[in-house]
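Structural features, examined
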Amino acid sequence: MESVTEQVSVELARFLPVLPCIEPDGDVPTLLCVEGGLPSALQWLPDRQTLVFLNGGKQYSWTSDEGVRPLDVVGMPYDTFVRSHAGYAAAELASCGGSTIFSVNIDEGTASPVEVTSEVVPQLMVALSRRGLLTFGAEMGGKWSATLIGDDDAPPIRLLEGLQPVHGAVVTADESALFLSMGDAVYRCILNVEEGSCSTPEIFYTPEASAMPAPLAVDTHSNLYVCSAGGVDVTDADGELALRIKMPSAATGLCFGGSGVSTLFVSVGQLVYAVRANVQGVAAPSEELLKRMEKQVGAGDFRHVGW
């Protein structure tokens, strides 16, 4: 990985009484380059140490051993334009293309459609524990809605309606809060997955310079990472700006990954940078966590655990 410290810098917005989540003086290497492309929708699969991203409606994977490769799978039509995907198991992605959600197994190289009885075509997805999904899409009239899809036979639950277009969404580690990037602001909702409820979105943070689209990420300390025109804004759990990661141009995607899920991957133009963090990010659940959750469910003692 090539160091690009001269192009990327970290600027503290105020005095922080604790160690900042991102080191101000740390090196920021380039993880990968997609010549002539625009990687976005970054997703990290911890058990496979694999970064998955979109480029021109197609899915790609990156590993340190194999580099960048097209994610070719059997069962998904070749001309499918993938708008969004979410890692919701150790080696599985939920990918929405056309009006269909596919379950993609990257180990087997297969994809199968997921039966969902919803009138709204998903444009954006967020993975939840126990293989659940939050989907966002436009209804008749142009307003957006949020739908909860569980991994069972229960019908989808409409959580929110009448939304502005959603450009980014993320949930906290314990799934108690949902953040939405809409318009020129980030909104926060109180989320209860077990009860299938969500509060009305309230403004949480307004970037000085926003970029469209504006993906989001969050760490286990509830610090929020917001793509902006100048890079990435990082707020604390109260929505106060803590620091900025200044990039050469607008950031178009980000997620946590790497060893210990303590690296923030950020896509800018045709590059993806690797920013070292002092915190653990929220990523797809590992196989160990999924097995632990199954045991807890079987014993009637399920609790959300930070990913």
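One structure accompanies this document, and this report is about it. The structure presented is a predicted model; accordingly, all values stated were derived computationally and were not measured.

If you tally the helices and strands in the chain, you get 1 helix and 27 strands. Considering the chain as a whole, with its 307 residues, one finds that 53% of them fall into the buried category. Within the chain, contacts between residues at least 6 apart in sequence are counted, and of these 47% link residues at least 24 apart.

The strand order across the open sheet built from 4 strands is β8-β9-β10-β11, with neighbouring strands paired in antiparallel fashion. Each having just a single partner strand, β8 (82-89) and β11 (110-114) make up the two edges of the open sheet. In this sheet, adjacent strand axes meet at a mean angle of 25° when their direction is disregarded. The pairing of strand β9 (residues 92-97) with strand β10 (residues 100-105) spans 6 bridges and is classified as antiparallel. Bridge pairing links alanine 94 to serine 103 in β10.

Attention now goes to the pairing of strand β5 (residues 50-55). Along β5, 6 of the 6 residues are buried, which leaves the element largely enclosed by surrounding structure. Of the two faces of β5, the one holding Thr50, Val52 and Leu54 and the one holding Leu51, Phe53 and Asn55 are both buried throughout. The pairing of strand β4 (residues 40-45) with β5 spans 4 bridges and is classified as antiparallel. Pairing of glutamine 43 across the sheet is with valine 52, part of β5.

Looking at the element boundaries, valine 114 is found in strand β11. With relative accessibility at 34%, the residue valine 114 sits in the partly exposed group. Along the primary structure valine 114 and serine 103 are separated by 11 residues, whereas in three dimensions their C-alpha atoms are 6.4 Å apart. Apart from the residues within four sequence positions on either side, valine 114 is in contact with Ile101, Phe102 and Ser103.

The phi dihedral of alanine 41 falls on the positive side, at around 50°, and the residue is not glycine. Within the fold, alanine 41 resides in strand β4. According to the relative accessible area criterion, alanine 41 is partly exposed, its value standing at 26%. Unusually for a residue other than glycine, valine 261 sits at a positive phi of about 50°. Within the secondary structure layout, valine 261 lies in the loop between β25 (253-257) and β26 (263-268). Owing to a relative accessible area of 9%, valine 261 belongs among the buried residues under this scheme.

The next subject is the pairing of strand β13 (residues 133-138). For β13, the buried fraction is high: 5 of the 6 residues fall into the buried class. Relative to β13, strand β12 (residues 124-127) runs antiparallel, the two being bridged by 4 bridges. Note on β13: the bridge partner recorded for valine 126 is leucine 134. In this structure, β13 lies alongside strand β14 (residues 144-149), joined through 6 bridges in antiparallel fashion. Residue pairing across strands places phenylalanine 136 opposite alanine 146, the latter belonging to β14. Connecting β13 to the antiparallel partner β14 that follows it, the hairpin turn spans 5 residues, and glycine 141 within it adopts a positive phi of roughly 100°.

Now for the sheet that holds strand β15 (residues 157-163). In space, the 4 strands of this open sheet follow the order β12-β13-β14-β15, with antiparallel pairing throughout. With partners counted over all chains shown, the strands left at the sheet margins are β12 and β15, one partner each. Looking at each pair of strands side by side, their axes are set apart by 15° on average, direction ignored. Sheet topology places β14 next to β15; 4 bridges connect them, and they run antiparallel. Residue leucine 148 lies in a different strand from β15, and its bridge partner there is isoleucine 157.

Further remarks concern the packing of aromatic side chains. Tallied over the full model, the rule gives 4 aromatic pairs. For the ring pair phenylalanine 53 and tyrosine 60, a centre distance of 5.7 Å and an interplane angle of 10° mean the geometry is stacked. Among the residues examined, phenylalanine 53 registers a relative accessible area of 0% and is labelled buried. Since its relative accessible area comes to 22%, tyrosine 60 is described here as partly exposed. Summarising the aromatic geometry, the rings of phenylalanine 179 and phenylalanine 204 are spaced 4.9 Å apart at their centres and angled 65° between planes, so their arrangement reads as edge-to-face. Residue phenylalanine 179 is found in strand β17 (residues 177-182), and its partner phenylalanine 204 is found in strand β20 (residues 202-205); the two are separated by 25 residues along the sequence.

Cut-off values and rules
- Residues numbered from 1 in each chain as written.
- Predicted model: local features only at pLDDT ≥ 70, side-chain atom pairs only at ≥ 80, totals over all residues.
- Heavy atoms only, no water.
- Helix = DSSP H or I, 4+ residues; strand = E, 2+ residues; numbered from the N terminus.
- Buried < 20%, exposed > 50% of the residue type's maximum accessible area, 1.4 Å probe, protein only.
- Contact = heavy atoms within 4.5 Å.
- Pairing = 2+ DSSP bridges.
- Axes fitted to C-alpha atoms, helices over the stretch in contact; angles between N-to-C directions.
- Phe/Tyr/Trp six-rings, centres within 6.5 Å; stacked < 30°, edge-to-face > 60°.

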